[in-house]
Amino acid sequence: MNDQNDPLLLDHDADGIRELDNKLPRWWVWLFYFTIIFSVVYMGYYHVFAKEKTSIAAYEIERAAGEKIKAATMAKFEATIGTLEPAKDQKILDAGRMTYTTLCVPCHRADGGGLVGPNLCDDFWIHGSNFVDNVKVIWNGVPEKGMITWKTVLNPNQIYEVASFIQTFRGTKPVNPKPPENLTPVKTGPSEYE
């Protein structure tokens, strides 16, 4: 069966296996030639002769339209903040939990007990303890206290979701919480080092 003088067999082998010199199907060869021609035309059209100014102008127009939509959405949200109520829908609360876990836990702890940021479980919040105040603090931040402005990072829906989730902490009892923010520091008298 395997004739050593077969013209299709090449003169080398590997582990006793010899390679055949079969011709490729014509359709495959023409497809290969077509891809080469297509790549040359594509490169010329999009990379060599493309009008860069047109693409930059189109990008600027699209960016401006996106900024206009973003500004309108933010203005609409800011106008309705005063009428917002916390969500009860579990999907919204779950989305808020994910955002809270990712962004808020480093300052407020997973149980809301407070670390660098305040305790979110008590009713003594410096900037107001109702839901609308909570949304405003997340939206605008409190830069002088280290709380960043989240409106530049999160979209209005995400801010509403995380504010609704934070509302679920109210009245819970975390382990070793940060003391309430409304308490004045206790005077203990002079230190032993004074």
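Residues numbered from 1 in each chain as written. Predicted model: local features only at pLDDT ≥ 70, side-chain atom pairs only at ≥ 80, totals over all residues. Heavy atoms only, no water.

*Asks:* So what exactly am I meant to see when it comes to the overall build of the chain here?
*Replies:* Helices and strands together make up the secondary structure of the chain, namely five helices and two strands. Here the chain holds 194 residues, and 24% of them are scored as buried. Taking the contacts inside the chain whose residues are at least 6 apart along the sequence as the reference set, 57% of them involve residues at least 24 apart. (Helix = DSSP H or I, 4+ residues; strand = E, 2+ residues; numbered from the N terminus. Buried < 20%, exposed > 50% of the residue type's maximum accessible area, 1.4 Å probe, protein only. Contact = heavy atoms within 4.5 Å.)

*Asks:* Where do I start with the pattern of salt bridges in this structure?
*Replies:* Charged atoms that come close allow side chains of opposite charge to pair. A full pass over the atoms with the stated rule returns five salt bridges. In this structure, the salt-bridge partner of R109 is D111, at a minimum N-O distance of 2.9 Å. Given the relative accessible area of 29%, D111 is considered partly exposed. Residue D123 pairs with R170 through a salt bridge whose shortest N-O separation is 2.5 Å. Of this pair, D123 sits in the loop between helix 3 (90-108) and helix 4 (131-140) while R170 sits in the segment after helix 5 (156-167), placing them 47 residues apart in sequence. (Salt bridge = Lys/Arg side-chain N within 4 Å of Asp/Glu carboxyl O.)

*Asks:* So what exactly am I meant to see when it comes to the pairing of strand 1 (residues 9-14) here?
*Replies:* Each regular strand carries side chains that alternate between the two faces of the sheet. Strand direction decides the pairing type here: strand 1 and strand 2 (residues 17-20), joined by three bridges, are antiparallel. Across the sheet, the residue bridging to A14 is I17, located in strand 2. The turn joining strand 1 and strand 2, which pair antiparallel and follow one another in sequence, is formed by two residues; a positive phi near 55° is taken by D15. (Pairing = 2+ DSSP bridges.)

*Asks:* Could you clarify how one ought to interpret the packing of aromatic side chains in this entry?
*Replies:* Given two aromatic rings, their pairing is described by the distance between the two centres and the angle made by the two planes. Applying the stated rule across the entire model yields 12 aromatic pairs. Summarising the aromatic geometry, the rings of Y42 and Y46 are spaced 4.7 Å apart at their centres and angled 45° between planes, so their arrangement reads as tilted. Of the two residues, Y42 and Y46 are both situated in helix 1 (residues 26-48); the distance of four residues between them amounts to about one turn of the helix. Through a chain of ring-to-ring contacts, the aromatic side chains of F34, F38, Y42, Y45 and Y46 assemble into a single cluster. (Phe/Tyr/Trp six-rings, centres within 6.5 Å; stacked < 30°, edge-to-face > 60°.)

*Asks:* Whenever I open this one, the packing of helix 3 against helix 5 confuses me. Can you help?
*Replies:* Each packed pair of helices is defined by two parameters, the angle between the axes and the distance between the axes. Between helix 3 and helix 5, the shortest axis-to-axis distance is 7 Å and the interhelical angle comes to 90°. When the interaxial angle is binned, helix 3 and helix 5 end up roughly perpendicular. Residues I92, L93, A95, G96, R97, T99, Y100 and C104 of helix 3 lie in contact with helix 5, whose contacting residues are Y160, E161, V162, S164, F165 and I166. Counted by class, the contact of helix 3 with helix 5 contains nine nonpolar, three polar and two charged residues. (Axes fitted to C-alpha atoms, helices over the stretch in contact; angles between N-to-C directions. Parallel < 35°, antiparallel > 145°, perpendicular 65-115°, else oblique. Nonpolar A, V, L, I, M, F, W, Y, C, P; charged D, E, K, R; others polar.)

*Asks:* Is there a simple way to think about helix 5 in this case?
*Replies:* Helix length check: helix 5, at 12 residues, gives a terminal C-alpha distance of 17 Å against a target of 16 Å (1.5 Å per residue), a fit within 8%. The buried fraction of helix 5 is high, at nine of 12 residues. Those residues of helix 5 that sit buried are P156, I159, Y160, E161, V162, A163, S164, F165 and I166. For helix 5, the N-terminal capping position is held by N155, with its side-chain oxygen 3.0 Å away from the main-chain nitrogen of N157. (Expected span 1.5 Å × (residues − 1). Polar contact = N/O pair within 3.5 Å; in protein donor to acceptor, adjacent residues only side chain to side chain.)

*Asks:* So what exactly am I meant to see when it comes to the layout of surface pockets here?
*Replies:* Space left empty within the atom packing is revealed by a probe, the size of a water molecule, rolled over the atoms. The space that makes up the largest pocket amounts to roughly 590 Å³. The wall of the largest pocket is formed by 27 residues, among which H108, G117, P118, V137 and M147 lie closest to the centre. Of all elements in the fold, only helix 3, helix 4 and helix 5 reach the threshold of two or more residues within the lining of the largest pocket. Across the lining of the largest pocket, the residue classes break down as 17 nonpolar, six polar and four charged. (1 Å grid on protein atoms, 1.4 Å probe; cavity = no way out; pocket = protein on both sides within 12 Å on 5 of 7 lines; lining within 4 Å. Points joined across faces, edges and corners; volume = space filled by probe spheres on them.)

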